[in-house]
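Structural description and commentary
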Amino acid sequence: MTLLQIGPHAVQPPVVLAPMAGITNAPFRTLCREFSGGKGLFVSEMITTRALVERNEKTMQLIHFDETEKPRSIQLYGVDPDTVGKAARMIAEENLADHIDLNFGCPVPKVTRKGGGSALPYKRNLLRSILREAVANAGGLPVTMKMRKGIDDDHLTYLDAGRTAAEEGITAIALHGRTAAQHYGGTADWDAIARLKEHVPEIPVLGNGDIWSADDAQRMMRETGCDGVVVGRGCLGRPWLFGDLVAAFEGTESGREALPLEGGGGRRAGAQPTLKEVAAVMLRHATLLGEWIGDEARGVIDFRKHVAWYTKGFSIGSEMRRGLAVTSSLDELDGLLSELDLDQPWPAGADGPRGRTSGRNRVVLPDGWLDDPYDCAGVDAGAELDTSGG
């Protein structure tokens, strides 16, 4: 068993849920933790530092943690060192979380065109200032960061950024083995993760990208020497993956029995659920969302985005899929699920890429952004948008 140390927090097994906007809210984190038996680290949705400092109502709901969540982990996204520092100080002084993660991986054009996300590490001095302010104001809370390889293959920044992070007191670094130009397309470069680990051996390096199974996670750690893994799209519609990860790292049977699912007990690691078990998880996920939002219908509507991920590969039929994707009550969802052939075993080919898989040939950047990697001009508050992490 490998132990990942994030400041005072021992993460065992060394598995982290990646923050994903609109996905890794409190209900989804609860579901993943139940399957893992509470083991691992589960990071909140990405929030902007300005929205936090201004106490935006939606943002304050996003940073709500269940009393069973230990440690509580928040991912911050910001472009202004002073605002990042204020947000870190607010989290520490008001005891809002136990761990702060900083996002420098977002490849979305509306962010990079403002100089934010995965474009920001190109500006070396700005990155250093943000990291320094976060660490200085975190009140002893561990501060980590997540980033990509760089803007594109001609503008790689991850080694410089890793060295800066180590020098400024960052506790651990997570690297998504893609550039911003790749977006979510192609294959993640695990060799880059290995190079980063060699470059900053003094702090933990976590690998991210193309982890679709527990075998993938263990293979990444063997091949790269990284200290842990960050799982993003691999758990979409597959929250039980965290039970498999725990089982694989501990050498035990899987934790799907952590939920009261018929037939779940005694399942060996890697064995996949039947459609009946998947349907039970779907219903529980939708229920948790309704309880969290405070409105059953809104919870079920929010759940709709997950339907295709949960049902991928199963023989359901296009009409039924459409029906499941427009449900607006738990009774309606339960009724449609009960009409399925629930004895179906896990379908061949259902594993593998889910979520966004597109690539991009060009990253949208501010005018003159690449002229000087040390000039900090050109980043404004418009780069702080409420969008997905990278």
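Scroll up a little and you will see the structure.
Quick look at the structure, then. Counting starts from 1 at the beginning of each chain's written sequence and moves along it residue by residue. Confidence filtering applies because this is a predicted model: local features only for residues at pLDDT of at least 70, side-chain atom pairs given and counted only at 80 or more, and all residues used for totals across whole chains, interfaces and linings. Excluded from the side-chain calculation are hydrogens and water; included are all heavy atoms of the structure.

**Comments concerning the sheet that holds strand β4 (residues 41–48)**
Here we have eight strands rolled up into a closed barrel, ordered β3-β4-β5-β6-β7-β8-β9-β10, and parallel in their pairing. This sheet shows a mean twist of 25° between the axes of neighbouring strands, independent of strand direction. Judged from the four bridges that link them, β4 and strand β5 (residues 73–77) form a sheet pairing that is parallel. From the neighbouring strand, V43 faces β5, where its bridge partner is S73. Strands β6 (99–104) and β7 (143–148) of the sheet are contacted by helix α6 (residues 124–137), whose axis makes an angle of about 170° with β6. Following DSSP output, two strands are said to pair if at least two bridges run between them. In this text, helices come from DSSP runs of H or I with a minimum length of four residues, and strands from runs of E with a minimum of two, each type numbered from the N-terminal end. With axes taken as lines fitted to C-alpha atoms, and helix axes fitted only over the stretch in contact, angles between N-to-C directions fall between 0 and 180 degrees. Residue contacts are defined here by distance: any two heavy atoms, one from each residue, within 4.5 Å place the two residues in contact.

**A word on the packing of helix α7 (residues 158–167) against helix α8 (residues 190–199)**
Where α7 meets α8, the closest approach of the two axes is 10 Å, and the angle between their N-to-C directions is 35°. Where α7 crosses over α8, the two elements pack in a sense that is right-handed. Residues Y158, L159, G162 and R163 of α7 lie in contact with α8, whose contacting residues are A192, R195, L196 and H199. In this classification, the charged set is Asp, Glu, Lys and Arg, the nonpolar set is Ala, Val, Leu, Ile, Met, Phe, Trp, Tyr, Cys and Pro, and all remaining amino acids, among them Gly, are polar. Classifying every residue of the contact of α7 with α8 gives four nonpolar, two polar and two charged. Each crossing gets its handedness from the near helix: less than a right angle anticlockwise from the far helix is left-handed, clockwise is right-handed.

**A look at the packing of aromatic side chains**
The geometry of an aromatic ring pair is captured by two quantities: the separation of the ring centres and the angle between the planes. The pairing test for Phe, Tyr and Trp rings, Trp by its six-membered ring, is centres within 6.5 Å, and the orientation test on the planes gives stacked under 30 degrees, edge-to-face over 60, and tilted for anything in between. Under the definition given, this model contains six aromatic pairs. An angle of 90° between the planes, with centres 5.7 Å apart, marks the rings of F314 and W346 as edge-to-face. Taken together, the residues span a long stretch of sequence, with F314 in the loop between α13 (307–311) and α14 (318–324) and W346 in the segment after α15 (330–338) at a distance of 32 residues. Both residues of the pair, F314 and W346, belong to the buried class. Taken together, the aromatic side chains of F35, W240, F303, Y310, F314 and W346 make up a single cluster linked through ring pairs. In this scheme, a residue with accessible area under 20% of its type's maximum is buried, one over 50% is exposed, and one in between is partly exposed, where area comes from a 1.4 Å probe on protein chains only.

**A few points about the nonpolar core**
Grouping buried Ala, Val, Leu, Ile, Met, Phe, Trp, Tyr and Cys residues that are joined through side-chain atoms within 4.5 Å yields what is termed a nonpolar core. In this structure, L102 and M145 are the most contacted members of the largest nonpolar core, which totals 70 residues. Those residues in contact with M145, other than ones at most four positions away along the chain, are D101, L102, F104, L127, L131, A165, I170, A172, I173 and A174. Membership of the second largest hydrophobic core comes to 26 residues, among which are F35, L275, V281 and V307.

Functional significance is not addressed by these values, which are geometric in nature.
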